[in-house]
Each structure stands twice: as structure tokens, then as C-alpha cells.
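# Examining the three-dimensional arrangement
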Amino acid sequence: MSSRTQIASDGLKPLLLQALFRIHYTPTESPPRPFCYETDRFAFANETVWNYVEGEVRPQTEREPATVRRYTHHCFVMVRAALQFWKFARFESAGAPLPNDELARRIRQVCARHVWLPPLPDTERIVFPGFGNLREISASAAGIFQDNMGAAWPVYFRIGNSPITFPVSGKAKTRLNGEMLRDLEAGYPTLLWLYNFPSLSINHTVLVYQATHEQDCVRYQVYDPNYADAPKELRFDSATQTFTFEPTFYFKGGSVTPRAVYRGFFE
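Residues numbered from 1 in each chain as written. Predicted model: local features only at pLDDT ≥ 70, side-chain atom pairs only at ≥ 80, totals over all residues. Heavy atoms only, no water.

### Comments concerning the environment of H74
For clarity, the threshold we go by: A run of DSSP states H or I qualifies as a helix once it reaches four residues; a run of E qualifies as a strand once it reaches two. Both are numbered from the N-terminal end. When a residue's accessible area, from a 1.4 Å probe over protein chains only, is under 20% of the maximum for its type it is buried; when over 50% it is exposed; and in between it is partly exposed. Note on contacts: a residue pair qualifies if any of its non-hydrogen atoms lie within 4.5 Å across the two residues.
Along the chain, H74 turns up in the loop between β2 (56-57) and α3 (75-88). The exposure class of H74 is buried, given its relative accessible area of 11%. Residues in contact with H74, not counting those within four places in the same chain, are N46, G150, A151 and A152.

Dropping the structure here:
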């Protein structure tokens, strides 16, 4: 067995344990670069089916101008794809942009890779010429990305959705906070599902990419796919062992139940 094959095999062993037994591990090999909100997010946003104003569903007339919402129910798809492009794609400003059909094929190629796999080396990444980063190319070809990153309906049948009915203890939240901090120190973001089951006050996914410590609080910067212009903040209070999410147009703000997703086959 070659040294490269041995390294790949050794790297997949923890992934297998995580997939089968939900034992999280932090990769020992650092990624090529950290996730950058300015360049690694999409230029478009996920759209909500309902019309929200300050966290409440309101008549359409209260949001001006009235809009037709085409790209809805895709928050899981968008944060997953953002991480897939960070791990498996490479952008090269030089060269002509791809024809639409080839661009669509390469988008599907990136999104077909399991998101929990390790980042590819630069020489093996799927190349997108003509643009410097994901934000630039998705601004130029939003419709092509939306049509080829994946459908929304399979998200509702994920194996990892099943624990939603189980309560998440303060101890489990503290453990998750520690896992996210270790992953961020190693250079890896976390995809986080935020909900308040059985309440429908929030049911959303974000990408956690940065942490700041503040006494007994950790302030996390997150990529919220419902916004295309600015990051949002998630907080963990170690004294109360609770996570809180800032107010948004679709959520009034407050306590949320967090669960890491797409870290393995069963998550």
C-alpha cells in the first residue's frame, strides 16, 4: 500500500466511527484555509414561504414590494453546498467562464460529494474558471446554482432528522459547544440545525465559522442562508448551558435547540 493510500485510509477510519456510532472527532489535518464569510457564501438568499415581519407571519402587504418566492425550503441545501464548495472546489479568476451546461455539471459534481469527507487537495478540486470565489460566481449565475445544488424535499427524509423529538440537555449543549470550539480552532466550520420543537418558532440551519470568547459567553459568527448581506450571531452561555440566536426577520430571537448536522451518515 502506498503512503498516500495509507494516509487516506487512516483519515477515513474516524469518519467511519463517527458515521456508525455518532462519535465526533476533530480532524487532525488543518484545511488549506479557513472559511471566509465574504467570499465563501452565496450571493443569493434562501427565501421563506411565509411572509415574516419581526419574527411573525404577516400578510404579504406588510412587506414591500411584494415578491414571488422561487427559491424556498433550501436552507439545508445552501449551507451544505457552501461547505462542499469550500472543501471540494477551486476558483480561478484567469480563463473564460464555463458554458452554462458545463457549469451546471460541475456544480452537481461538487454537491454530489459527501459533505463530511475531508477537503480535497488543490490539484484534485473541481475547477471553476473566470471567477475568484463562490460569491462572485453565484452572483453571476444564481439560477444555475439554484437549479443544480440539490432539491429541497430530500432534506425532510434525512436520517439525522429523527432526534428532533428527543430533548437536548444542558450537558449535551455544553458538549456541542466544546466540539464546535475545537473544530474552529482546527479550521473547520460546523453546520448547525436550530429548532424549538414542538414549537415552530424556528426551524433553520446555519454555518458556524468563527468564535469569540467573552467571560462566560461564546459569541459565534454564523452564515445564515436567509441573508445574503451580513452574518448573524449565535451565543452560548456556559452558566445556563443555553444557546440563543439573535432576532431576525423570521425569528424573534431567544433560546434555540442546536444540533450539529452533516458530520456523518447519521447526522
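Once you've had a look at it, read on.
### Section: helix α7 (residues 170-186)
Spacing of three or four residues puts side chains on the same side of an α-helix, whose turn is 3.6 residues. Our working rule: Helices are assigned an expected span. That span is 1.5 Å times one less than the residue count.
Along its 17 residues, α7 runs 25 Å from first to last C-alpha, staying within 8% of the 24 Å computed at 1.5 Å per residue. Within the span of α7, buried status applies to A172, K173, L176, N177, G178, E179, M180, L181, D183, L184 and A186. Where α7 is buried, its residues touch β5 (190-196), β6 (199-214), β7 (217-223), β8 (232-237), β9 (242-245) and β10 (254-260). Positive phi appears at G187, one or two residues downstream of α7, with a value of about 100 degrees.

### A few points about the side chain of R41
Spelled out, the test is: Polar contact is defined as a pair of N or O atoms within 3.5 Å, subject to the rule that within protein one atom must be able to donate a hydrogen and the other to accept it, and that residues adjacent in sequence are counted only when both atoms are side-chain atoms.
Relative to the helices and strands, R41 resides in the loop between α2 (37-40) and β1 (52-53). For R41, a relative accessible area of 2% gives the class buried. A distance of 3.0 Å separates a polar atom in the side chain of R41 from the backbone oxygen of Y37. When near neighbours in sequence (up to four residues on either side) are disregarded, R41 contacts F35, C36, L134, R135, S138, Y223, A228 and D229.

### As for the nonpolar core
Here is the rule we go by: The definition of a nonpolar core used throughout is a set of buried Ala, Val, Leu, Ile, Met, Phe, Trp, Tyr and Cys residues joined through side-chain atoms within 4.5 Å.
F42, F85, F128, F145 and M149 are the most contacted members of the largest nonpolar core, which totals 49 residues. Among the elements of the structure, α3, β3 (89-92), α4 (100-111), β4 (126-129), α5 (134-140), α6 (142-148), β5 and β6 are those that each provide at least two residues to this core. In terms of residues, this core owes the most to one element, α3, which gives 11 residues. V208, V218, V222 and F245 belong to the second-largest nonpolar core, a separate cluster that totals 21 residues.

### A look at the sheet that holds β7
Rules: The criterion for strand pairing is that DSSP finds at least two bridges linking the strands in question. Note on geometry: axes are C-alpha line fits, over the in-contact stretch for helices, and angles between N-to-C directions span 0 to 180 degrees.
Strand order in the closed barrel made by the six strands is β5-β6-β7-β8-β9-β10, with antiparallel pairing throughout. Here the average twist between neighbouring strands, direction ignored, is 45 degrees. Relative to β7, β6 is paired through seven bridges, and the arrangement is antiparallel. Across the sheet, residue V208 finds its bridge partner in β7, namely V222. Strand contacts of α3: β5, β6 and β7, with the helix running at about 25 degrees to β6, the strand carrying the most contacts. Lying on the sheet, α7 is in contact with β5, β6, β7, β8, β9 and β10; it crosses β6 at an angle near 50 degrees.

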